Amino acid sequence: MTMERIGVMFDRAGRPEDLTSYAAAVEAAGADDLWVVEDLSWAGGISSAALALAATERLRVGIGIMPAPLRNPALLAMEVATLARVFPCRVVAGVGHGVGAWMEGVGAGSPTKLALLGETITALRTLLAGETLRLAGRTVRVDDLRLVHPPSEPPPVVAGVVRPRSLALSGEVADGTVLAEGNGPAGVATALTHIAPARPHEVIVFTHLCVSDDPARLAATAGPVMEEAAGFLGIPPGDAFLASGDAETAADRVRALWRAGATTVVLRPVGEDPLDQVRAVLGALRP
């Protein structure tokens, strides 16, 4: 894994039939990663990742973030292993708690969220490593299961989490942590104090991207996005971070996340011409 990776998100609002052409364009623009989304009622993460992988040659494809309450870890391991075996070293499996209200709405709410996430990640990493899983946890129970077709190289399993206890759990059991949109350099630095990983650990930061030379256009486009991100993180709107401004200014804000400890920054373009915005920033980052 190289340091200072740059990725691009295929927004959950994007139509699935547009994913393959988008992935190919992101690869041609020079990005390292493409990240797909699994939010309830939008598109499935595994199927989206398969489409993106098949349409590209070198992009690493991340799935961010599959809700543990909706995913039996044995079946999830089978699905991820299939992708990782066919597309070695090109898959990242992201797992999280899921949005509480969404999980409750489909009968998947859990009173033991930390245990469920930790045991799901542990089970998934064990199976993807080709080992036999025996786990009698608080929420996950698997007896003597081993994948018939494990991947030749186990893909990283990362946790998409927000709060301090969940960040600490990620540092204990996952290969990396995904931080949500709105986190700036200070947020990354604070998260790292909670993660405190004992082994190599990738820090993936999602950030909205809004490239324009027009201050009024930036304010109109970025304002609602910052309010939404701030609400999710529980911070004042003025503290929410995004990569905005002209291409060089936006690129400098990406660099600030890298300096704060992010390993990978994933751009989520908002507003008009998302691919043009991505190309402009990638050109500024890697001329």
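Before reading on, note that the structure itself is shown above.
Owing to the predicted nature of the structure, the values given are computational and were not obtained by experimental measurement.

Calculation criteria
Residues numbered from 1 in each chain as written. Predicted model: local features only at pLDDT ≥ 70, side-chain atom pairs only at ≥ 80, totals over all residues. Heavy atoms only, no water. Helix = DSSP H or I, 4+ residues; strand = E, 2+ residues; numbered from the N terminus. Buried < 20%, exposed > 50% of the residue type's maximum accessible area, 1.4 Å probe, protein only. Contact = heavy atoms within 4.5 Å. Areas by Shrake-Rupley, 256 points an atom, 1.4 Å probe, with all protein chains shown as cover. Phe/Tyr/Trp six-rings, centres within 6.5 Å; stacked < 30°, edge-to-face > 60°. Lys NZ or Arg CZ within 6 Å of the ring centre and 35° of its normal. Polar contact = N/O pair within 3.5 Å; in protein donor to acceptor, adjacent residues only side chain to side chain. Axes fitted to C-alpha atoms, helices over the stretch in contact; angles between N-to-C directions. Parallel < 35°, antiparallel > 145°, perpendicular 65-115°, else oblique. Nonpolar A, V, L, I, M, F, W, Y, C, P; charged D, E, K, R; others polar.

A. Here's a closer look at the overall build of the protein. If you tally the helices and strands in the protein, you get ten helices and eleven strands. Overall, the C-alpha framework of the protein stretches about 60 × 40 × 35 Å when taken along its three principal axes. By residue count, 52% of the 287 residues in the protein fall in the buried class. Of the contacts formed within the protein by residues at least 6 apart in sequence, a portion of 72% connects residues at least 24 apart. Put simply, the protein shows about 12,600 Å² of open surface, and 55% of that area lies on carbon and sulfur atoms.

B. Representation of the packing of aromatic side chains. Taken as a whole and judged by the stated rule, the model has three aromatic pairs. Relative to Trp102, the ring of Trp42 has its centre 6.1 Å away and its plane inclined at 40°; by these criteria the two rings are tilted. Linking Trp42 in the loop between strand S2 (33-36) and helix H2 (45-54) with Trp102 in helix H4 (residues 100-105), this pair joins segments that are 60 residues apart in sequence. The ring of Trp42 has Arg12 lying over it, and the distance from NZ or CZ to the ring centre is 3.9 Å.

C. Geometry of the side chain of Arg71. You can see Arg71 is positioned in the loop between strand S3 (60-67) and helix H3 (73-86). Engagement of the side chain of Arg71 in a polar contact is seen with the side chain of Glu38, the distance being 2.6 Å.

D. Structural detail: the packing of H2 against H3. The contact between H2 and H3 brings their axes to 11 Å, and the two run at 5°. As the angle between them shows, H2 and H3 are arranged roughly parallel. Between H2 and H3, the residues in contact are Ile46, Ala49, Ala50 and Leu53 and Leu76, Glu79, Val80 and Leu83, respectively. Looking at the contact of H2 with H3 residue by residue, the classes come out as seven nonpolar, no polar and one charged.

All quantities given are derived from atomic positions and should not be read as evidence of function.
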